[in-house]
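If you want the building blocks of each chain, they are given just below.
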Amino acid sequence: MDAILEFIWLLIRIGLFTLLPLILMVAYYTYAERKVIGAMQSRIGPNRVGPLGLFQPFADVIKLLLKEIILPKEANRYLFLIAPILAIAPAFGVWAVVPVGDGLVWADLNAGVLYVLALSSMGVYGIILAGWASNSKYALLGAMRSAAQVVSYEIALGFSLLGVMILAGSLNLQAIVNAQSGGMLDWYWLPLLPMFLIFFISALAETNRAPFDMAEGESEIVAGFHVDYAGASFAVFFLAEYANMILMSALTAIFFFGGWLSPFEGWAFLGDSWLRDSSIFWFLAKLVFFMFNFLWIRATFPRYRYDQVMRLGWKVFIPITMVWMLVAALFVFNGIVVRGA
Amino acid sequence: MNKIIRYFKSLLMIELFQGLSVTIKHMFKPKVTVFYPEEKIPKSNRFRGIPALRRYTNGEERCIGCKLCEAVCPALAISIDSEMRSDGSRRTTLYEIDLFKCIFCGFCEESCPVDSIVLTDFADYHMEDPKESVLNKQQLLALGDRFEQSISKNRQQDAAYR
Amino acid sequence: MTIQEIFFYLFSIIMLAAATMVISVRNPVYAILYLILTFFSAAALWILLEAEFLGIILVLVYVGAVMVLFLFVVMMLNINQSRVSEGFVKNLPLGIGVALVMLAEVLMVLWYKNQTGVDNFPIPVPHEQGYSNTAEIGERMFTAYLWPFEIAGVVLLVAIVAAVALSMRHREGVKTQSVPQQISAEKRDRLELIDMPVEGVKKN
């Protein structure tokens, strides 16, 4: 009985400290996206609902939830309804091993990096099944593109993490962060600069974001895999996409930018100010920075052509990661970077 | 050599960062959005908006039922019936414009010998029922009454160029 | 019954049911989805056994990559279901025969090793906190089993090369785009700016 109560208490805590903030972040991420991209295109963005349009996400959510869920006549109804859930579950599930602060993690898994990769590779099923179950050629084309793209970029993503693993000597996310301690220049973005760039670009491809949003490709296949979705089921896909972006930003911060560590850790001349203390604040600051980069990149670049996406993944990223893996190993071997753990 | 430079350029993503710098600069530039219902951009006096029928200053409708506008209308949006009125003048009994067909070309206005049918500079209208797209004579005359000031002002300003 | 046992039976039941569904459902897409569920449950069982590395790798490789490609192929092919089930009765005896042979082989090995009985499988001792399965496997792989590991790698490489060599065909007269040429295009290759006097406007 106690075990069950404890389990329920755990669920409540997970909901309160991870799911709720995450959903709120997603809500305001959509708002931020419209504001930021608007600003970059010399527009204003939403400003009607509430002061500065701050209640816009809630208006959107209410609108989406009140709309009818349309089931296409020839669609496979079970898979059609399961697909959005399959898309969102991994995006939330990975947060179990993501440390937001020192010790602030639900499961301190030893094989944390593998868990992250395994679960994030599950997200593609939501897209594929949505595309297939809709029984529409546009949706199927979107699903096909997405499947090939995500599987290809997963390799580049995993390979770019190999450098981190070599330098940190661990698969545990907390250990990886702790191995980077010592200030801004000790973080892994510096020794692994190409890896960091490849990781972030692959993250764009993994989350199907511009300039790699081939799965949606509104101008070619009208919205790709979710063309037949409406109302709440579309909202779940939407939520999944943004949750994935937040997740990838968090992972970039953890793997290459020292997670919750302060950038000024070793800078003695700053004195005892809060700037030198590592805290969840720094994690959030880095998270917001990378989330902003997602929007910035979307506002800047046009969509890649599909064959060039595949070319970039296989012929550019994977060779570079392979070479830099050796370089990282040499760094450790020659003691240029002190290996953690 | 050129090839090598280009290779390094693409590897260092210089052009991509150039693009990024353009967008971030624009983020802090003043915005050009017009707050539409509150703010409106000025319209030309030749603006062609919703059609209307005008009256003379004594309240007599101008239209004499010549059907030139009906004949010239490229979209066949105008339909007219006319009859003799009790005072012996020819007047329309039916004057309808379908706004869904109308392409706002202004040919009707050009063809009208008595300046009766005009295109006003009013374009912010809507209808709740597709059936309401057909404006009848009363509605057109009412529109003409409502916008008479702006119609005559625009015609006066443009008169020198005709 | 401890929580572990509850989980074990739960995952085992799900796994067995899903495995049965893989071979009994008609729709090949469903079959693949049930296969994914089977893999997932198997991974959960391995994690219960403290083999978290293997469990997660199973999900990562099979669920995350291999099954995606399977699904990809099945979605592209429009398999005619009636024709698939045509040969069922005809091939049934052969299938049963092969299954029996496989069962006999497993039983023979177990009998030979004198391990026919639940008691012969000892309950694994739980490791202490902080034991890293991944590090252990890595260490074994690169010390005691270095040669088999490297040879396996070479065999896989040969397989990749063979697959590429078999599927690569150079067809004559096919017009394709040259991507390097396309992306190396620059402004000055394609754009020429010409100074032209404006027509009809007097310059002052």
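None of these values were measured; they are calculated from a predicted model.

Structurally, A:Ser121 can be placed in helix H4 (residues 112-133). Look at A:Ser121 and you get buried, because its relative accessible area is 0%. Only 2.6 Å separates the side chain of A:Ser121 from the backbone oxygen of A:Ala118, close enough to count as a polar contact. Once residues within four sequence positions are removed from consideration, A:Ser121 is found in contact with A:Glu154, C:Leu60 and C:Gly64.

Let us now look at the interface of chain C and chain A. Of the residues lining the interface, 30 residues belong to chain C; the matching set on chain A comes to 30 residues. Contact between chain C and chain A buries roughly 2,400 Å² in total, counting both sides, with carbon and sulfur atoms accounting for 76%. At the junction of chain C and chain A, the tally comes to 0 salt bridges. Where chain C packs against chain A, one counts 3 residue pairs in polar contact (both at pLDDT 80 or more). Elements with a contribution of two residues or more to the side of chain C that touches chain A: helix H2 (28-48), helix H3 (52-76) and helix H8 (179-183) of chain C. When residues in the side of chain C that touches chain A are grouped by element, the largest group, 14 residues, is from H3(C).

Residues and elements named next belong to chain A. What the rule picks out here adds up to 15 salt bridges over all chains. Here Arg209 makes a salt bridge to Glu33, at a shortest N to O gap of 2.5 Å. Of this pair, Arg209 sits in the loop between helix H7 (193-206) and helix H8 (218-221) while Glu33 sits in helix H1 (residues 2-40), and the two are 176 residues apart along the sequence. For the pair Arg209 and Glu33, a shared accessibility class is recorded, and that class is buried. A network of salt bridges, in which partner residues are shared, links Glu33, Arg209, Glu241 and Arg298.

Here we come to unusual backbone geometry. The backbone of A:Asn208 shows a phi angle near 55°, a positive value even though the residue is not glycine. Structurally, the position occupied by A:Asn208 is in the loop between H7 and H8. Overall, A:Asn208 belongs to the buried group, its relative accessible area being 3%. Located in the positive-phi region is B:Leu76, a residue other than glycine, with phi close to 55°. With respect to the element layout, B:Leu76 can be found in the loop between helix H3 (68-72) and strand S2 (78-84). You can call B:Leu76 exposed: its relative accessible area is 61%.

On to helix H5 (residues 88-112) of chain C. The terminal C-alpha atoms of H5(C) lie 35 Å apart, and with 25 residues this matches the ideal 36 Å at 1.5 Å per residue to within 8%. At C:Leu94, H5(C) shows its largest kink, close to 25°.

This next bit is on the domain arrangement of chain A. Residues and elements named next belong to chain A. In terms of domains, chain A is made up of domain 1 (1-66) and domain 2 (73-333). When each unit is reduced to the centre of its C-alpha atoms, the spacing between domain 1 and domain 2 is 20 Å. Contact residues are listed per partner, giving 19 residues for domain 1 and 22 residues for domain 2. It is Tyr29, Glu33 and Leu64 that lose the most area in domain 1 upon contact with domain 2, and together they represent 34% of the buried surface on that side. Where domain 1 touches domain 2, the interface holds 2 salt bridges. Two residues, Arg298 and Glu33, come together in a salt bridge whose shortest N-O distance is 2.6 Å. Where domain 1 packs against domain 2, one counts 6 residue pairs in polar contact (both at pLDDT 80 or more). Of all the secondary-structure elements, those providing two or more residues to the side of domain 1 that touches domain 2 are H1 and helix H2 (56-66). The element best represented in the side of domain 1 that touches domain 2 is H1, accounting for 17 residues. Of the residues assigned to the side of domain 1 that touches domain 2, the class counts are 15 nonpolar, 2 polar and 2 charged.

What counts, and where the lines are drawn
- Residues numbered from 1 in each chain as written.
- Chains lettered and ligands numbered in written order.
- Predicted model: local features only at pLDDT ≥ 70, side-chain atom pairs only at ≥ 80, totals over all residues.
- Heavy atoms only, no water.
- Helix = DSSP H or I, 4+ residues; strand = E, 2+ residues; numbered from the N terminus.
- Buried < 20%, exposed > 50% of the residue type's maximum accessible area, 1.4 Å probe, protein only.
- Polar contact = N/O pair within 3.5 Å; in protein donor to acceptor, adjacent residues only side chain to side chain.
- Contact = heavy atoms within 4.5 Å.
- Buried area = accessible area lost by both parts, 1.4 Å probe.
- Salt bridge = Lys/Arg side-chain N within 4 Å of Asp/Glu carboxyl O.
- Expected span 1.5 Å × (residues − 1).
- Bend = angle between axes of the 7 residues up to and from the residue.
- Domains from an automatic or database assignment.
- Nonpolar A, V, L, I, M, F, W, Y, C, P; charged D, E, K, R; others polar.

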